[in-house]
Amino acid sequence: MNEIKIFSPATVANVSCGFDVLGFCLDTIGDEMIIKKTNKKGIHITKIEGYDLPYEAQKNVAGVSALAMLEDAKPDFGFEIEIFKNIKPGSGVGSSSASAVGSVFGMNELLGKPYNKTQLTNFAMKGEALASQCEHADNIAPAIFGGFTLVKSIAPLEVLQLPTPKNLFAVIIHPQIEIKTSESRAILPKKIDLKDAITQWSNVGSLVHALHTNDYELLSKSLTDVVVEPFRSQLIPHFGDVRNAALENGALGCGISGSGPSIFSLCFGNENAQNVAKAIRNVYSKTEIPFEVYVSKINTEGIKILNTNA
Ligand code: HSE
């Protein structure tokens, strides 16, 4: 195999209570990438469509993660990468992770799969760090493993795959403003109150239990963030109105997707998700801010091969 085309999915990190540890994978939104073996050694980004991003491998998240793998694998050939971006950078649904994951997933296939999913997550984390200026894997892990994941630790890296209740649907609204992850991390406090920590870890524990037991009511009660959302919600216009609309229309929960500005809701079934999407659309239709709304199943497969060339 000399060439591979892949679909690299968008993801929702944090899932309200699990800042930097929880995430889930989306189905309908994602980037496509083509990775090719070349005789010329090194990593060469030859095409980027969709958004204006750097071609220099050291300055591109897909390039940085690819270089991390190349340094370890030391093949006697190089790779060309073409990126077709659909996920807007700075959207909060794992745009940089999709790129960082795509290159290493594709390269691993072309190398004959020497690396497992945890090792791929580790390489991709190096690329993600370029965008957010710190290493975390809560977008990368669900893109690679699919479904819900919990990053138990990053050094050493340990990723837990959590079950996905089958009636769970996500609604995403993406207001077309950019929030840089590095900036939305910079506004967070370095220390938190013990009382808030207790609420938060109780919610993380009960959310994980709810996923294991298909308990949608418990899941709903667990989707609360008292640590990060109070700060970041101020960066997202009409966040409170969107959340109220989602909850009033039966969403199980609603919170900031990753570092924003996207907002996610989790819903029981497609019908409820469509109603929630309509209610959220109504909120933003009354504003001047352009936006997109997506309804997605939880993608339990993760990143996937679209086609290959011998
Ligand atoms: N956990 C990360 C954050 C996800 O919220 O900053 C965005 O990269």
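If you're wondering where the values come from, they're calculated on a predicted model, not measured in any experiment.

Caption draft 1: The overall build of the protein chain, seen in detail. From N to C terminus, the protein chain includes 10 helices and 11 strands. Computed over C-alpha atoms, the radius of gyration of the protein chain comes to 19 Å, within 12% of the 19 Å expected from 2.2 N^0.38 for 310 residues, which places it in the range of a compact globule. Every one of the 310 residues in the protein chain was classed for burial, and the buried ones make up 56%. By sequence separation, contacts in the protein chain at least 24 residues apart represent 74% of the contacts at least 6 residues apart.

Caption draft 2: Region of interest: helix 3 (residues 117-132). Here helix 3 is 16 residues long and its end C-alpha atoms lie 22 Å apart, about the 22 Å a rise of 1.5 Å per residue gives. The largest bend in helix 3 comes to about 30 degrees, at Lys-126. By the burial criterion, the buried members of helix 3 are Leu-120, Thr-121, Phe-123, Ala-124, Met-125, Gly-127, Glu-128, Ala-129 and Ser-132. Against helix 1 (61-73), helix 2 (95-110), helix 4 (140-145), strand 5 (148-154), strand 6 (157-162) and helix 5 (181-186) lie the buried residues of helix 3. Put simply, Asn-116 is the residue that caps the front of helix 3, since its side-chain oxygen is 3.1 Å from the backbone nitrogen of Thr-118. In the stretch just after helix 3, Gln-133 is the one whose phi turns positive, near 60 degrees.

Caption draft 3: Structural detail: the pairing of strand 9 (residues 263-268). Counting buried residues in strand 9 gives 5 out of 6 residues, a clear majority hidden from the surface. Pairing analysis gives 6 bridges linking strand 7 (residues 168-175) to strand 9, with the strands arranged antiparallel. Bridging from a neighbouring strand, Val-171 pairs with Ser-265 of strand 9. In the sheet, strand 8 (residues 253-256) pairs with strand 9 via 4 bridges, with the strands oriented antiparallel.

Caption draft 4: Quick peek at the nonpolar core. By size, the foremost hydrophobic cluster in this structure holds 38 residues, and its most contacted members are Ile-35, Ile-43, Phe-79, Ile-81 and Met-107. Phe-79 has contacts with Ile-35, Lys-36, Lys-37, Thr-38, Lys-40, Gly-42, Ile-43, His-44, Leu-70, Met-107, Leu-110 and Leu-111, leaving out every residue within four places of it along the chain. Judged by nonpolar contacts, the second largest core, of 30 residues, contains Ala-10, Phe-24, Ile-29 and Leu-162.

Caption draft 5: Molecular detail of the side chain of Ser-296. Turning to its location among the elements, Ser-296 is positioned in strand 10 (residues 291-297). The exposure class assigned to Ser-296 is buried, which follows from its relative accessible area of 2%. A polar side-chain atom of Ser-296 sits 2.8 Å from the main-chain amide nitrogen of Asp-27. Apart from residues no more than four positions distant in its own chain, Ser-296 is found in contact with Leu-26, Asp-27, Thr-28, Phe-169 and Ala-170.

Caption draft 6: Structural context of the pattern of salt bridges. Under the criterion given, the structure shown has 10 salt bridges. A salt bridge links Lys-36 to Glu-82, with the shortest nitrogen-to-oxygen separation between them at 3.1 Å. In this pair, Lys-36 sits in strand 2 (residues 22-38) while Glu-82 sits in strand 4 (residues 78-84), placing the two residues 46 residues apart along the sequence. Taking relative accessible area as the criterion, Lys-36 reaches 23% and is therefore assigned partly exposed. Judged by relative accessible area, Glu-82 falls into the buried class, the value being 10%. Note that Lys-195 and Asp-196 form a salt bridge whose closest N and O atoms lie 3.6 Å from each other.

Caption draft 7: Up close: the packing of aromatic side chains. Tallied over the entire structure, the rule returns 6 aromatic pairs. With a centroid separation of 6.0 Å and 75 degrees between ring planes, the pair formed by Phe-24 and Phe-264 is classed as edge-to-face. With a gap of 240 residues between them, Phe-24 in strand 2 and Phe-264 in strand 9 connect regions that are remote in the sequence. Take Phe-24 and Phe-264: they sit in the same class, and that class is buried. In textbook terms, an aromatic cluster arises when at least three aromatic residues are bridged by ring pairs, as seen for Phe-24, Phe-148 and Phe-264. The ring centre of Phe-77 lies 5.1 Å from the NZ or CZ of Lys-37, which sits over that ring.

Caption draft 8: A look at the site of the ligand. Lining the immediate surroundings of the ligand are Ala-13, Asn-14, Phe-19, Asp-20, His-136, Asp-138, Asn-139, Thr-181, Arg-185, Arg-232, Gly-258 and Ser-259. The contact in question runs from an oxygen atom of the ligand to an N or O atom on the side chain of Asn-14, over 2.8 Å. Asp-138 places a side-chain nitrogen or oxygen 2.6 Å from a nitrogen atom of the ligand. Here the ligand loses 97% of its free accessible area of 260 Å² to cover by the protein chains. Considered class by class, the residues forming the shell around the ligand number 2 nonpolar, 6 polar and 4 charged.

What counts, and at which threshold
- Starting afresh in each chain, residues are numbered from 1 along the sequence in its written order.
- Two thresholds apply to this predicted model, a pLDDT of at least 70 for residue-level local features and 80 or more for giving and counting side-chain atom pairs, whereas whole-chain, interface and lining totals are computed over all residues.
- Hydrogens and water molecules were not included; the side-chain quantities draw on all heavy atoms of the structure.
- A run of H or I in DSSP counts as a helix once it spans at least four residues, and a run of E counts as a strand once it spans at least two, with each numbered from the N terminus.
- Computation of the radius of gyration draws on C-alpha atoms, with the globule rule given as 2.2 Å multiplied by the number of residues to the power 0.38.
- Note on exposure labels: buried denotes an accessible area under 20% of the residue type's maximum, exposed denotes more than 50%, and partly exposed covers the range between, all computed with a 1.4 Å probe on protein chains only.
- Any two residues whose heavy atoms approach within 4.5 Å are treated as being in contact.
- For a helix, the expected span equals 1.5 Å multiplied by the residue count minus one.
- A residue's bend is simply the angle between two axes: one fitted to the seven residues ending at it, one to the seven starting at it.
- Under the rule applied, a polar contact is a pair of N or O atoms within 3.5 Å (in protein, one hydrogen donor and one hydrogen acceptor; residues adjacent in sequence only if both atoms are side-chain atoms).
- Only strands joined by at least two bridges in the DSSP assignment are considered to pair.
- Residues belong to a common nonpolar core when they are buried Ala, Val, Leu, Ile, Met, Phe, Trp, Tyr or Cys residues joined through side-chain atoms within 4.5 Å.
- Salt bridge, as applied in this entry: a Lys or Arg side-chain nitrogen positioned within 4 Å of an Asp or Glu carboxyl oxygen.
- For Phe, Tyr and Trp, where Trp contributes only its six-membered ring, two rings pair if their centres lie within 6.5 Å, and the inter-plane angle classes them as stacked under 30 degrees, edge-to-face over 60, or tilted in between.
- We count a charge as sitting over a ring when the NZ of a lysine or the CZ of an arginine lies within 6 Å of the ring centre and within 35 degrees of the ring normal.
- The criterion for a residue being near a molecule or strand is simple. One of its heavy atoms has to lie within 4 Å of it.
- Areas reported as accessible are Shrake-Rupley estimates using a 1.4 Å probe. Residue values count occlusion only from the protein chains shown.
- Residues are grouped as follows: Ala, Val, Leu, Ile, Met, Phe, Trp, Tyr, Cys and Pro are nonpolar; Asp, Glu, Lys and Arg are charged; all remaining types, including Gly, are polar.

Geometric descriptors of this kind do not, in isolation, establish any biological role.
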